[in-house]
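Listed here are the chains, written in short residue letters.
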Amino acid sequence: MIEENVKKLLKEIPEKNPFGEKVTLIAAVKLQTADGINSAICGGVTDIGDNQVQEFRDKFDLINGTPRRHFIGHLQTNKIKYLLGKVDLYHSVDRYNLAEELSLKSAKAEVTSNILIQINIGNEETKGGFPLEEADEAYRKISALPALNVEGLMAMLPFDRDEARLRSLAKAMRRKFDELNAQGANLKYLSMGMSGDWKLCIEEGSNMIRLGTAIFGERNYKRAVSE
Ligand SMILES: *Cc1c(COP(=O)(O)O)cnc(C)c1O
């Protein structure tokens, strides 16, 4: 089932976005078993994204092959140490003190951490990230920190049935991404798009989508309690 879902998605997802950039599918693996994740890898998933440090650690040695590892969830600074050197891309750098701590700890461990700056595109209280208006300043400050490599922007669109609104938010993200690059930033990734909105996000210029439900089905939140 999971393997088939991935195969079907990989056929459906365009290889490139309208900007000519390769689109990367990341399996959002929160609350999934190692077996489930390995089925997704069998189906062709090359990149996996975790939300929780504990889950990441518990399953680390049970994952087959060498998928690229993404951290996509809210990250507490006291847990950075468990991820250092093991995560290929941190998507959720959503505040200065996280960027500073990640920089400090990366420098100490003599690794460079690749990061995305998270933008709270819907200005939602329940979500982290910098307001879009502060993206330039956030980029300037964070890219000046040692041992960090700012590779792009990440956003989660609000849950909203108003497609026109979602499109305009996705467009605003792409505009900011292009603007920063025009000013000399060398951003590669715009990580935007989940199971409910990935098509629209790619159409508007995302080049990384993070899919959970579309690959694994509805999440079983009971599993969170027993772990
Ligand atoms: C859970 C999660 C996803 C995937 O959500 P689905 O709607 O299940 O595809 C993507 N990004 C982040 C940051 C998530 O936490």
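Residues numbered from 1 in each chain as written. Predicted model: local features only at pLDDT ≥ 70, side-chain atom pairs only at ≥ 80, totals over all residues. Heavy atoms only, no water.

Undergrad: What's the story with the side chain of Glu204 in this structure? I'm lost.
TA: Mapped onto the elements of the fold, Glu204 is located in the loop between α7 (198-203) and β8 (208-211). Within the local environment of Glu204, its side chain forms a polar contact with the side chain of Arg167, the two groups lying 2.7 Å apart. Not counting residues within four places of it along the chain, the set of residues in contact with Glu204 comprises Phe19, Arg167, Ala170, Lys171 and Arg174. (Helix = DSSP H or I, 4+ residues; strand = E, 2+ residues; numbered from the N terminus. Polar contact = N/O pair within 3.5 Å; in protein donor to acceptor, adjacent residues only side chain to side chain. Contact = heavy atoms within 4.5 Å.)

Undergrad: Would you mind going over the site of the ligand with me for this structure?
TA: Taken together, Ala28, Lys30, Asn51, Ile72, Met156, Met194, Ser195, Arg210, Leu211, Gly212, Thr213 and Arg219 make up the full set of residues adjacent to the ligand. In the environment of the ligand, an oxygen atom lies 2.5 Å from a nitrogen or oxygen atom belonging to the side chain of Ser195. Arg210 has a polar side-chain atom sitting 2.9 Å from a nitrogen atom of the ligand. Compared with its free state, where it exposes 390 Å², the ligand has 92% of that area covered by protein. (Near = heavy atom within 4 Å. Areas by Shrake-Rupley, 256 points an atom, 1.4 Å probe, with all protein chains shown as cover.)

Undergrad: How do you make sense of the environment of Glu124 when you look at a structure like this?
TA: Locating Glu124 in the fold gives a position in the loop between β5 (113-119) and α5 (135-143). For Glu124, a relative accessible area of 19% corresponds to the buried category. Measuring from C-alpha to C-alpha, the distance between Glu124 and Ser113 comes to 27 Å, with 11 residues separating the pair along the chain. Those residues in contact with Glu124 that lie beyond four places of it in its chain are Met156, Leu157 and Pro158. (Buried < 20%, exposed > 50% of the residue type's maximum accessible area, 1.4 Å probe, protein only.)

Undergrad: Please explain the packing of aromatic side chains as it appears in this structure.
TA: Describing an aromatic ring pair means giving the distance of the ring centres and the angle of the ring planes. Applying the stated criterion across every chain, the model contains 2 aromatic pairs. We note Lys86 situated over the ring of Phe60; from NZ or CZ to the ring centre the distance is 5.2 Å. The ring of Tyr96 is capped by Lys141, whose NZ or CZ atom sits 4.7 Å from the centre of that ring. (Phe/Tyr/Trp six-rings, centres within 6.5 Å; stacked < 30°, edge-to-face > 60°. Lys NZ or Arg CZ within 6 Å of the ring centre and 35° of its normal.)

Undergrad: Would you mind showing me how to read the pattern of salt bridges here?
TA: Close approach of charged atoms allows side chains of opposite charge to pair. Per the stated rule, a full pass over the model turns up 19 salt bridges. One salt bridge connects Asp160 with Arg165, and the closest N-O pair in it is separated by 2.6 Å. Taking relative accessible area as the criterion, Asp160 reaches 27% and is therefore assigned partly exposed. In this structure Arg165 comes out as partly exposed when scored by relative accessible area, which is 32%. For the salt bridge of Lys171 with Glu204, the shortest nitrogen-to-oxygen distance reads 3.0 Å. Taken together, the residues span a long stretch of sequence, with Lys171 in helix α6 (residues 163-182) and Glu204 in the loop between α7 and β8 at a distance of 33 residues. (Salt bridge = Lys/Arg side-chain N within 4 Å of Asp/Glu carboxyl O.)

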